[in-house]
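Now for the letters of each chain:
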Amino acid sequence: MRDLRRESKGKMETMGNKLKLGIPKGSLQDATIALFERAGWRIYASGRSYFPTIDDAEIECMLVRAQEMARYVEHGALDAGLTGHDWILENQSDVERITSLTYSKASRTRVKWVLAVPEDSPFQKPEDLAGKTIATELVEFTKRYFAEKNIPVKVEFSWGATEVKPPTLADAIVEVTETGSSLRANRLRIIETLMESETQLIANKGAWADDWKRAKIETLSLMLNGAMDAQNQVGLMLNAKKADLDKVLGVLPALNSPTISQLRDEEWVALNTILESHLVRDVIPKLKAAGGTGIVEYPLSKVVL
């Protein structure tokens, strides 16, 4: 006999499930919201509110500085969040690392934390900075880095504009960079790379142990990665005679073997494939020369492997 009370309780618990998700506030905010939109979620952040809305009743969002995200996830204030590998190490946070998402505020590359000194300074290696002052936002990691090398330095927290501090306010800096252009503009020279970092989806260990929350986080990971993988890739459809098929296949640098379908005319087939967008300008003329016809390029929103 059906236990309606138990079924009703189960439905109410399911309806009440919420995933508390941290969205990085600051330089990564716009890029993160754009990535979520490509993955299928619309996040609306407006005004001074730290609680953006999202078109998913099972998720509650909160804007949190990337520097603090890992601590809040570790302590359970958030079930999951996106932050940098660098800030996880800085805080030495004990969290589940779900997936890496290589994007930053301006590109799809990893950022680097570098040790930089004035161009005309005598410093050539970290050991030359013994007894000197280092300015950085990444204080604890920098302290550990120099301690492991047995180099005595004074590490000071920098509230911003770190590049302008040497040589007057500090002897060197540890600063994050994507291209190095800001460092060069401020006449600084890199003498060491301390680490590379990228955005990561992380989870609280208790949330990861919860079946419902784990499934929701895994869905986020799958769709975010699908949106990331679709960037810089396009789909191609074309028709070809069976007699020209080997030549056409020889042109295609497919992600996987292209899908080949028989057309109504038994002498013809249709091909569907995926390739890097920067290859299209070279591949399409070669496909045409190999006998391909009806070539159509189309954008991709997600690629799930």
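Below or above, wherever it landed, is the structure these notes cover.

About the criteria used
- Residues numbered from 1 in each chain as written.
- Predicted model: local features only at pLDDT ≥ 70, side-chain atom pairs only at ≥ 80, totals over all residues.
- Heavy atoms only, no water.
- Helix = DSSP H or I, 4+ residues; strand = E, 2+ residues; numbered from the N terminus.
- Rg over C-alpha atoms; globule rule 2.2 N^0.38 Å.
- Buried < 20%, exposed > 50% of the residue type's maximum accessible area, 1.4 Å probe, protein only.
- Contact = heavy atoms within 4.5 Å.
- Areas by Shrake-Rupley, 256 points an atom, 1.4 Å probe, with all protein chains shown as cover.
- Lys, Arg positive; Asp, Glu negative; His and termini not counted.
- Charge placed at Lys NZ, Arg CZ, Asp CG, Glu CD.
- Salt bridge = Lys/Arg side-chain N within 4 Å of Asp/Glu carboxyl O.
- Pairing = 2+ DSSP bridges.
- Phe/Tyr/Trp six-rings, centres within 6.5 Å; stacked < 30°, edge-to-face > 60°.
- Lys NZ or Arg CZ within 6 Å of the ring centre and 35° of its normal.
- 1 Å grid on protein atoms, 1.4 Å probe; cavity = no way out; pocket = protein on both sides within 12 Å on 5 of 7 lines; lining within 4 Å.
- Points joined across faces, edges and corners; volume = space filled by probe spheres on them.
- Nonpolar A, V, L, I, M, F, W, Y, C, P; charged D, E, K, R; others polar.
- Expected span 1.5 Å × (residues − 1).
- Polar contact = N/O pair within 3.5 Å; in protein donor to acceptor, adjacent residues only side chain to side chain.
- Axes fitted to C-alpha atoms, helices over the stretch in contact; angles between N-to-C directions.

1. Focus on the overall build of the protein
Okay, step 1: Across its full length, the protein carries 10 helices and 16 strands.
Okay, step 2: Here the protein has a C-alpha radius of gyration of 25 Å; the compact-globule value for 305 residues is 19 Å, and the former is much larger.
Okay, step 3: Projecting the C-alpha coordinates of the protein onto the three principal axes gives extents of approximately 80 × 70 × 35 Å.
Okay, step 4: Burial statistics for the protein: of 305 residues in total, 41% are counted as buried.
Okay, step 5: Within the protein, contacts between residues separated by at least 24 positions form 68% of all contacts whose residues are at least 6 apart in sequence.
Okay, step 6: In the structure as shown, the protein presents an accessible area of about 16,800 Å², 50% of it carried by carbon and sulfur atoms.
Okay, step 7: Of the charged side chains in the protein, 40 are positive and 43 negative; the average position of the first set lies 2 Å away from that of the second.

2. Brief notes about the pattern of salt bridges
Okay, step 1: Going through the model one piece at a time under the given rule, you end up with 15 salt bridges.
Okay, step 2: Glu 58 is the partner of Lys 216 in a salt bridge, and the nearest nitrogen-oxygen pair spans 2.8 Å. Here Glu 58 lies in the loop between strand S3 (53–54) and strand S4 (59–65) and Lys 216 lies in helix H8 (residues 211–230), a separation of 158 residues in the sequence.
Okay, step 3: Between Arg 214 and Glu 218 there is a salt bridge; the shortest N-O distance is 3.4 Å. You can see Arg 214 and its partner Glu 218 sitting in helix H8, four residues apart, about one turn around the helix.
Okay, step 4: For Glu 218, a relative accessible area of 39% corresponds to the partly exposed category.
Okay, step 5: Taken together, the shared-partner salt bridges in this structure form one network comprising Asp 56, Glu 58 and Lys 216.

3. Points about the pairing of strand S13 (residues 233–241)
Okay, step 1: Two strands pair when backbone bridges link them, and S13 and strand S15 (residues 268–276) are joined in this way by nine bridges, in the antiparallel orientation. Note on S15: the bridge partner recorded for Val 234 is Leu 275.
Okay, step 2: For S13 and strand S16 (residues 293–299), the ladder comprises five bridges, and the chain directions are antiparallel. Directly across from Val 234, in S16, lies its bridge partner Pro 299.

4. Things to note about the packing of aromatic side chains
Okay, step 1: Following the criterion strictly, the structure yields four aromatic pairs and no others.
Okay, step 2: Ring geometry for Tyr 145 versus Phe 146: centroids 5.3 Å apart, planes at 90°, classification edge-to-face.
Okay, step 3: Of the residues examined, Tyr 145 reaches a relative accessible area of 10% and is grouped as buried.
Okay, step 4: The class for Phe 146 is buried, based on a relative accessible area of 1%.
Okay, step 5: Ring centres of Phe 157 and Trp 159 lie 4.8 Å apart, and the angle between their planes is 90°; this geometry places the pair in the edge-to-face category.
Okay, step 6: A relative accessible area of 40% places Phe 157 in the partly exposed class.
Okay, step 7: The ring of Tyr 50 has Lys 25 sitting right over it, with the charged end atom 5.1 Å from the ring centre.
Okay, step 8: Lying over the aromatic face of Tyr 72, Arg 71 brings its terminal NZ or CZ to 5.5 Å of the ring centre.

5. Quick look at the layout of surface pockets
Okay, step 1: Here the largest pocket defines a volume of roughly 950 Å³.
Okay, step 2: In this structure, the largest pocket is lined by 40 residues; those nearest its centre are Ser 27, Trp 87, Trp 113, Glu 137 and Val 176.
Okay, step 3: Of all the secondary structure elements, the ones that give two or more residues to the lining of the largest pocket are strand S1 (19–25), helix H3 (66–75), strand S5 (80–84), helix H4 (85–91), strand S7 (111–118), strand S10 (172–177) and helix H6 (181–185).
Okay, step 4: Its residues placed into classes, the lining of the largest pocket shows 12 nonpolar, 17 polar and 11 charged.

6. Notes on H8
Okay, step 1: Here H8 spans 29 Å end to end across 20 residues, near enough to the 28 Å set by a 1.5 Å rise per residue.
Okay, step 2: Regarding H8, the residues found buried are Lys 216, Ile 217, Leu 220, Ser 221, Leu 224, Gly 226, Ala 227, Met 228 and Ala 230.
Okay, step 3: The N-cap residue of H8 is Asp 210: its side-chain oxygen and the backbone nitrogen of Trp 212 are 3.1 Å apart.
Okay, step 4: Positive backbone phi, approximately 65°, marks Asn 232, located one or two places after H8.

7. Some details on the sheet that holds S10
Okay, step 1: Taking strand neighbours across the sheet as the criterion, the five strands line up as S9-S8-S10-S7-S11 in an open arrangement whose pairing is mixed. On the outer flanks of this sheet lie strand S9 (154–157) and strand S11 (188–197), each paired with one strand and no other. Recorded for the sheet is a direction-independent mean angle of 25° between the axes of neighbouring strands.
Okay, step 2: Strand direction decides the pairing type here: S7 and S10, joined by five bridges, are antiparallel. Looking at the pairing, Ala 116 lines up with Ile 173 of S10.

Read these as spatial facts, not as claims about activity.
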